[in-house]
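# Descriptive structure summary
Each chain, letter by letter, is given below.
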Amino acid sequence: MKISRFTMNPFGMNCYILWSSPGGECAVIDPGMMLDSEREMITSFIDGNNLTVKHVLLTHCHIDHACGARWLAQRYGAEIEAGAKEDIIAQNMPLQAQRFGLRIDSKPLVIDKILSEGDIITLAGEEIKVLETPGHSPGSLSFYIPESSVILTGDVIFQSSIGRTDLLGGSFPQLIDVIKTKILTLPSETVIVPGHGDTTTVGDEKIYNPYI
């Protein structure tokens, strides 16, 4: 599985495209495009590689991760897939924009397909396992790809850091428990692909993350 990263918007959020080869299927994780140039960056990659968008996946529905989801889903005829407990966050997209002073056209976001713990998404011959990893937001999901030894964690855990828990539905004890029981129990060589910043590994975070 190839994972292409696109860093965008004022929050430095990482949007990812999972794909295998030109002409194949892909999944877009956390399309947080706020500018025309960012939308062009994503569509140029998809169209340039003749990819078919099969999934628009959200780790969570904070505005920096989800504000471009409906636009992208409509363009490519895909569904927005996210955790059930993110609905209240998704519906409050305009309030989020106001809170952060973002001058963007933002509307309440409707989740088309609910993903739950244990769901399996098949893409390019590999399984993507859905893990419920709340704490940063109430319905946060992580996407684990065992064959590629990769987990995409959104804002659950970062290199030597963790997600903030002071936003709606956040919980520090819950986040720490999730990290310890669902992320750091994976093989040490598993690459953590976060919603902000650089990649790290489970092994490194066990040793160097000061919050663990």
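Now for a quick tour of the structure. (Residues numbered from 1 in each chain as written. Predicted model: local features only at pLDDT ≥ 70, side-chain atom pairs only at ≥ 80, totals over all residues. Heavy atoms only, no water.)

## Quick look at unusual backbone geometry
- Not every positive phi belongs to a glycine, and asparagine 9 is a case in point at roughly 60°.
- Tracing the sequence through the fold places asparagine 9 in the loop between β1 (2–8) and β2 (13–19).
- The class for asparagine 9 is buried, based on a relative accessible area of 10%.
- Here the phi dihedral of asparagine 50 falls at roughly 55°; this positive angle occurs in a residue that is not glycine. (Helix = DSSP H or I, 4+ residues; strand = E, 2+ residues; numbered from the N terminus. Buried < 20%, exposed > 50% of the residue type's maximum accessible area, 1.4 Å probe, protein only.)

## A few points about the nonpolar core
- One finds Ile17, Ile42, Ile46, Val56, Leu58, Cys61 and Leu109 to be the most contacted residues of the largest nonpolar core, which totals 33 residues.
- With 16 residues, the next largest nonpolar core counts Tyr16, Leu18, Leu115 and Leu123 among its residues. (Core = buried A, V, L, I, M, F, W, Y, C linked by side-chain atoms within 4.5 Å.)

## Points about empty space enclosed by the protein
- As enumerated under the stated definition, the model contains 1 cavity of 30 Å³ or more in all.
- Lining the largest cavity, in full, are Tyr16, Ile29, Asp30, Thr59, Leu152, Thr153, Gly154, Val193, Pro194 and Gly195.
- Sorting the residues of the lining of the largest cavity by element identifies β10 (150–154) and β13 (191–194) as the ones contributing at least two each.
- Looking at the lining of the largest cavity, its residues break down into 5 nonpolar, 4 polar and 1 charged. (1 Å grid on protein atoms, 1.4 Å probe; cavity = no way out; pocket = protein on both sides within 12 Å on 5 of 7 lines; lining within 4 Å. Points joined across faces, edges and corners; volume = space filled by probe spheres on them. Nonpolar A, V, L, I, M, F, W, Y, C, P; charged D, E, K, R; others polar.)

## Examining the sheet that holds β13
- Spatially, the 6 strands line up as an open sheet ordered β7-β8-β9-β10-β13-β14, and their pairing is mixed. Every other strand in the sheet has two partners, leaving β7 (120–123) and β14 (200–201) as the edge strands with one partner each.
- Sheet topology note: the β10/β13 ladder contains 4 bridges and is parallel. Its bridge partner being in β13, glycine 154 is matched across the sheet by proline 194. (Pairing = 2+ DSSP bridges.)

## Focus on the packing of aromatic side chains
- One pass over the full model with this rule turns up 3 aromatic pairs.
- An angle of 85° between the planes, with centres 5.3 Å apart, marks the rings of tryptophan 19 and phenylalanine 45 as edge-to-face. Note that tryptophan 19 is positioned in strand β2 and phenylalanine 45 in helix α1 (residues 36–48), a separation of 26 residues in sequence.
- Among the residues examined, tryptophan 19 registers a relative accessible area of 8% and is labelled buried.
- Ring-pair connections join several aromatic residues into one group, and the members of that group are Phe6, Trp19 and Phe45.
- Directly above the aromatic system of tryptophan 19 lies the positively charged group of lysine 2, at a separation of 4.6 Å from the ring centroid.
- Sitting over the face of the ring of tryptophan 71, arginine 39 holds its NZ or CZ atom 5.8 Å from the ring centroid. (Phe/Tyr/Trp six-rings, centres within 6.5 Å; stacked < 30°, edge-to-face > 60°. Lys NZ or Arg CZ within 6 Å of the ring centre and 35° of its normal.)

## A few points about the layout of surface pockets
- In this structure, the largest pocket encloses a volume near 400 Å³.
- Forming the boundary of the largest pocket are 17 residues, of which Cys67, Arg70, Trp71, Asp105 and Lys107 lie nearest the centre.
- When residues in the lining of the largest pocket are grouped by element, the largest group, 3 residues, is from helix α3 (residues 69–76).

## Observations concerning helix α6 (residues 172–183)
- Between its first and last C-alpha atoms α6 spans 15 Å; for 12 residues at 1.5 Å apiece the expected length is 16 Å, and the two agree.
- Taken as a whole, α6 has its buried residues at Leu175, Ile176, Val178, Ile179 and Ile183. Mapping the buried residues of α6 onto a view down its axis gives an arc of 160°, with all of them on the same face.
- Tucked into the core, α6 has its buried residues touching β9 (141–145), β10, β11 (157–158), β12 (161–162), β13 and α7 (202–208).
- Residue serine 171 occupies the N-cap position of α6, its side-chain oxygen lying 3.3 Å from the main-chain nitrogen of glutamine 174. (Expected span 1.5 Å × (residues − 1). Arc of directions from axis to C-beta. Contact = heavy atoms within 4.5 Å. Polar contact = N/O pair within 3.5 Å; in protein donor to acceptor, adjacent residues only side chain to side chain.)

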